[in-house]
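Descriptive structure summary
In case you want the letters, here they are:
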Protein chains: 2
Amino acid sequence: MATMKQVAERAGVSTSTVSHVINNTRVVSDDVRERVTAVIAEMRYIPSAVARSLKNDRTHTIGMMVPNNSNPYFAELIQGIEDAAFKVGYNVILCNAYDDPRKQAAYLRVLIEKRIDGMILVASGADEELARLLAHQQTPMVLVDREVAGVQADFVEADHETGGYLATRHLIELGHRAIACISGPRDLPPSLDRVNGYRRALAEAGLDAPSGYLVYSNFTSEGGYRALQQLLKLGKRPTAVFAGNDLMAIGALCAASEAGLRIPSDLSVIGYDDIALASYSTPRLSTMAQPKYDMGQRIVGMLMERIMGSAQPLRRELLQTRLVARQSTAAPR
Amino acid sequence: MATMKQVAERAGVSTSTVSHVINNTRVVSDDVRERVTAVIAEMRYIPSAVARSLKNDRTHTIGMMVPNNSNPYFAELIQGIEDAAFKVGYNVILCNAYDDPRKQAAYLRVLIEKRIDGMILVASGADEELARLLAHQQTPMVLVDREVAGVQADFVEADHETGGYLATRHLIELGHRAIACISGPRDLPPSLDRVNGYRRALAEAGLDAPSGYLVYSNFTSEGGYRALQQLLKLGKRPTAVFAGNDLMAIGALCAASEAGLRIPSDLSVIGYDDIALASYSTPRLSTMAQPKYDMGQRIVGMLMERIMGSAQPLRRELLQTRLVARQSTAAPR
DNA sequence: CTGTTAGCGCATTCAT
DNA sequence: ATGAATGCGCTAACAG
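Criteria and cut-off values
- Residues numbered from 1 in each chain as written.
- Chains lettered and ligands numbered in written order.
- Predicted model: local features only at pLDDT ≥ 70, side-chain atom pairs only at ≥ 80, totals over all residues.
- Heavy atoms only, no water.
- Disulfide = S-S within 2.5 Å.
- Buried < 20%, exposed > 50% of the residue type's maximum accessible area, 1.4 Å probe, protein only.
- Phe/Tyr/Trp six-rings, centres within 6.5 Å; stacked < 30°, edge-to-face > 60°.
- Helix = DSSP H or I, 4+ residues; strand = E, 2+ residues; numbered from the N terminus.
- Lys NZ or Arg CZ within 6 Å of the ring centre and 35° of its normal.
- Contact = heavy atoms within 4.5 Å.
- Salt bridge = Lys/Arg side-chain N within 4 Å of Asp/Glu carboxyl O.
- Polar contact = N/O pair within 3.5 Å; in protein donor to acceptor, adjacent residues only side chain to side chain.
- Near = heavy atom within 4 Å.
- Nonpolar A, V, L, I, M, F, W, Y, C, P; charged D, E, K, R; others polar.
- Axes fitted to C-alpha atoms, helices over the stretch in contact; angles between N-to-C directions.
- Parallel < 35°, antiparallel > 145°, perpendicular 65-115°, else oblique.

By the naming in an unreviewed UniProt entry, chain A goes by LacI family transcriptional regulator and is assigned to Massilia phyllostachyos.

Structure, rendered in structure tokens:
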């Protein structure tokens, strides 16, 4: 791989001149500029970002840690972020923590070694190692969806409590009174916030939910499938279900269908996230849309401000979700 | 951020000694080793991979270019790759080309600047720039699913032709004779290979497909949805459909349902990929499973061999797909 | 308008 | 068993 020195020699100029024509950072005579440019093309010289980073103390790389890239919510979020980052000249290193705090800490360490300029963290639980690494680290960072104890950083999330509230309100307004909830893991704040919204809506409407109506599962289709099977065993079946994410809602749709229930006439189901496939499930899924694209934009925007050295106080951005009523919800019979 | 030099000073040793205790690369007295280790911990020193890369000419980073991370097939593939890479001490920089050859070329250039050790490319069309960059580049690379004209590199794919053939055979064996095909874009070889397999199976069974039975669309749910609507307008409706990927199959399921058709009694649908959600569509989707995890392992394995300097001839790995019969296919009435 | 030089943080050769 | 010195490829301050 050609180096700048070789280019300089071949063009009969100094490396600093080559550097300046590449970066347009000082005046260069047309004559010389042309010659250098020609040599660069001829030798197919491509500058080394590694050397440049060492010199400049900037890698133009950000790290993105997510629990699981296979969850379409994260995949879509990542895409928005990768997109926004590319536009401002940044690349993203993707890290799947698989909800394993140890793996997450190991990754974080590697990212710091690589001297990423900034970090986007959708945390998978926090262990000591993580907290310690983060505590003494001043790498610009924005936390998404999940705060980390003891870590001071900008934070972005879509209002889960209100989302859960609005989803449940939607069901109530359709006339449902027996409304169950399939929640994500009980140790994840976003899950709990959504459940809190669900509860608030019920309380406000003077409804009460039998204890069996709230079941915790994990954020997968299988989780939703099993949870609905469990709900269907109840003596008094719910007429509507609020699922903590679309994956679970789709699993619930599947279980309902296999149990011979018609959606939405026998059972209404509403999800959360509005992943791309929610528009094409059978039937099309009603859901609370998270502004994933907007979130990606803002997350990158906030991170860039920090990277550029903004010293403003920590920010918390609370975005709003939006009800998307499709075919999986209707009035009870 | 602390540097090795600072650590050395504080520990009262030379930088070379610090380097050696960190990398365990020469004998160091227990006394000194302990002292250095203590100072490292105390100063929270974390070595710079940037400087190390400049020196060693290795970044322990690979670039991964995909058309679109939001397609679950790619998301799951990425996950396997990222997983395998992590195990051997590599990170992956994710690049979404959005089927835009120009963006792809721009990304590639950046990756080369960053001196990635290897590249995994699921190409989005090839433009001149890409070919030129690649042609004169000896970065280890493995191509996935799509070859690039003029580029010599290892290649991995799951046998699309056989996959299409087996999917169609499955339908034929169930007794279908009017079998349509919803294909992906006509400019993508994997699409065409699957169509070829479809045709071969039909021919072998002595069946012919009216021209309207083959419709090209794009690899999204919406694409499948629209394509099925189009098929349903035909005078002689098919009794079964082979969709080029699961996203399209799920879109087709949605369209069929909205048209009042029952799956699989009125219409059988088989997809391709076996994305996680295929197990939980309504009804559960029959599909050709691509060995995504295995592919990820092999892709990374091959790439690592190249990175380690293996000089063996170019390889083509053709993995096999597997029929997963679920509830969306059955005998015609 | 252009060249010389120092140094970014580290690994490694050569001495001792 | 340890240290001094060099250079990886680049940018930028300084000099002319």
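Going through the model one piece at a time under the given rule, you end up with zero disulfides over all chains. Just so you know, A:Cys95 is unpaired, no disulfide at all, and the nearest cysteine sulfur is the one on B:Cys95, 14 Å from it. Accessibility expressed as a relative area gives 0% for A:Cys95, which makes it buried.

This part covers the packing of aromatic side chains. Geometry of an aromatic ring pair is reported as the spacing of the ring centres plus the angle between the planes. Using the criterion set out here, one finds eight aromatic pairs over all chains in the structure. Between B:Tyr73 and B:Phe74, the ring centres sit 5.1 Å apart and the planes meet at 55°, which makes this aromatic pair tilted. Between B:Phe242 and B:Tyr272 the ring centres are 6.3 Å apart and the planes differ by 50°, which places this aromatic pair in the tilted class. Separated by 30 residues along the polypeptide, B:Phe242 in strand E8 (residues 240-243) and B:Tyr272 in strand E9 (residues 268-273) bring together distant segments of the chain. By relative accessible area, which is 0% here, B:Phe242 ends up buried. Given a relative accessible area of 0%, B:Tyr272 falls into the buried group. Between the NZ or CZ atom of A:Arg200 and the centre of the ring of A:Tyr165, over which it lies, the distance is 4.0 Å. The ring of B:Tyr225 carries A:Arg284 above its face, with NZ or CZ at 4.7 Å from the centroid.

What follows covers the interface of chain B and chain A. Every contact between the two is made by 63 residues of chain B and, on the other side, 63 residues of chain A. At the boundary of chain B with chain A, the tally comes to four salt bridges. Between A:Asp83 and B:Lys103 there is a salt bridge; the shortest N-O distance is 3.2 Å. The interface formed by chain B and chain A holds 34 residue pairs in polar contact (both at pLDDT 80 or more) in total. Of all the secondary-structure elements, those providing two or more residues to the side of chain B that touches chain A are helix H4 (49-56), helix H5 (72-87), strand E2 (91-96), helix H6 (101-113), helix H7 (128-135), helix H10 (221-232) and helix H11 (246-258) of chain B.

This brings us to the protein's contact with DNA strand C. As a matter of local geometry, DNA strand C sits amid 26 residues, with A:Arg26, A:Ser29, A:Lys55, B:Met4 and B:Tyr45 nearest to it. In the model, a base nitrogen of DNA strand C is placed 3.1 Å from a nitrogen or oxygen of the A:Ser16 side chain. A distance of 2.4 Å separates a phosphate oxygen of DNA strand C from a polar atom in the side chain of B:Tyr45. Across the surface near DNA strand C, the residue classes break down as nine nonpolar, twelve polar and five charged.

Here we come to the packing of helix H5 (residues 72-87) of chain A against H6(B). In the contact formed by H5(A) and H6(B), the axes pass within 13 Å of each other and the chain directions differ by 70°. Between H5(A) and H6(B), the angle falls in the class roughly perpendicular. Within the contact between the two elements, H5(A) uses A:Glu82, A:Asp83 and A:Phe86 and H6(B) uses B:Lys103, B:Ala106 and B:Tyr107. In the contact of H5(A) with H6(B), the residues fall into three nonpolar, no polar and three charged.

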